[in-house]
Amino acid sequence: MSLRSLTRLNANNEIKSPLVSSILCRYLSDSLKKSLESVQKNDVVLFMKGTPNRPECGFSRAVVQILTAQGLDFSKIKTYNVLADNELREGVKEYSQWPTVPQVYIKGEFIGGCDIVLNMHHNGELEDLLLKEGLVDPKNELEQEEK
């Protein structure tokens, strides 16, 4: 018996087989799907504990500080406080297959959590990526170094 024969799709192309649904994925609400779709629609997305102005864990605070140091404007970053929505908190972990928050996405690509972002910041990879993607102005980078 093939996997295809076990599944039926409804009008929205959603899997109707409970067996296959439980094996392949868990149910994602429309609001969670919308939040996760923002990963593809926004240049930078940050799932964090708290908000950029009030991070509620040290790892989220560190990522905010790193992104600020890189010259990113937080008014242009889509942020989500996962503490305000447990479904989002768990759903983003499944989406990325990464067990912790914060999580950073740049141009739809999962970059990583605090440890990876910190490492990329230290070795220059994050700056290179942000410049390549046109998310920071090289001129602003020089001005910040002079301060």
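Overview of the structure. The structure displayed is predicted, hence computed values, not measured ones. (Residues numbered from 1 in each chain as written. Predicted model: local features only at pLDDT ≥ 70, side-chain atom pairs only at ≥ 80, totals over all residues. Heavy atoms only, no water.)

Section: the sheet that holds strand 1 (residues 44-48)
Item 1. The mixed open sheet is built from four strands, whose spatial order is 2-1-3-4. Two strands in the sheet have a free side with no partner beyond their single neighbour: strand 2 (78-81) and strand 4 (109-112). The mean angle between the axes of side-by-side strands here comes to 20°, regardless of whether they run parallel or antiparallel.
Item 2. Here four bridges tie strand 1 to strand 2, and the two strands are oriented parallel to one another. Pairing of Val-45 across the sheet is with Lys-78, part of strand 2.
Item 3. Along the sheet, helix 5 (residues 86-96) makes contact with strand 1, strand 2, strand 3 (103-106) and strand 4, crossing strand 3 at roughly 55°.
Item 4. Along the sheet face, helix 6 (residues 114-123) touches strand 3 and strand 4 and points at about 85° away from the line of strand 4. (Pairing = 2+ DSSP bridges. Helix = DSSP H or I, 4+ residues; strand = E, 2+ residues; numbered from the N terminus. Axes fitted to C-alpha atoms, helices over the stretch in contact; angles between N-to-C directions. Contact = heavy atoms within 4.5 Å.)

Quick notes on the pairing of strand 3
Item 1. With burial as the criterion, each face of strand 3 is covered, one bearing Gln-103 and Tyr-105 and the other bearing Val-104 and Ile-106.
Item 2. Note that strand 1 and strand 3 share four bridges and pair antiparallel. Bridge pairing in strand 3 links Leu-46 to Val-104.
Item 3. Across three bridges, strand 3 lies against strand 4 in antiparallel orientation. Within the sheet, the bridge partner assigned to Val-104 lies in strand 4 and is Gly-112.
Item 4. A loop of two residues connects strand 3 with strand 4, the two strands running antiparallel in sequence, and Lys-107 in this loop sits at a positive phi of about 50°. (Buried < 20%, exposed > 50% of the residue type's maximum accessible area, 1.4 Å probe, protein only.)

Overview of the environment of Val-117
Item 1. For Val-117, the position within the fold is in helix 6.
Item 2. Sequence spacing of Val-117 and Gln-103 is 14 residues, and the spatial spacing of their C-alpha atoms is 9.1 Å.
Item 3. Dropping the residues within four chain positions of it, Val-117 is found in contact with Ile-66, Val-104, Ile-111, Gly-112 and Leu-126.

Observations regarding the pattern of salt bridges
Where charged atoms of side chains with opposite charge meet at close range, the side chains can pair.
Item 1. Inspection of every chain in the model, using the stated rule, returns four salt bridges.
Item 2. Put simply, Lys-107 and Asp-43 hold a salt bridge, and the shortest N to O gap is 3.3 Å. Linking Lys-107 in the loop between strand 3 and strand 4 with Asp-43 in the loop between helix 3 (30-41) and strand 1, this pair joins segments that are 64 residues apart in sequence.
Item 3. Take Asp-43: its relative accessible area is 38%, and that puts it in the partly exposed class.
Item 4. The salt bridge involving Lys-132 is made with Glu-133; its shortest N-O contact spans 3.9 Å. (Salt bridge = Lys/Arg side-chain N within 4 Å of Asp/Glu carboxyl O.)

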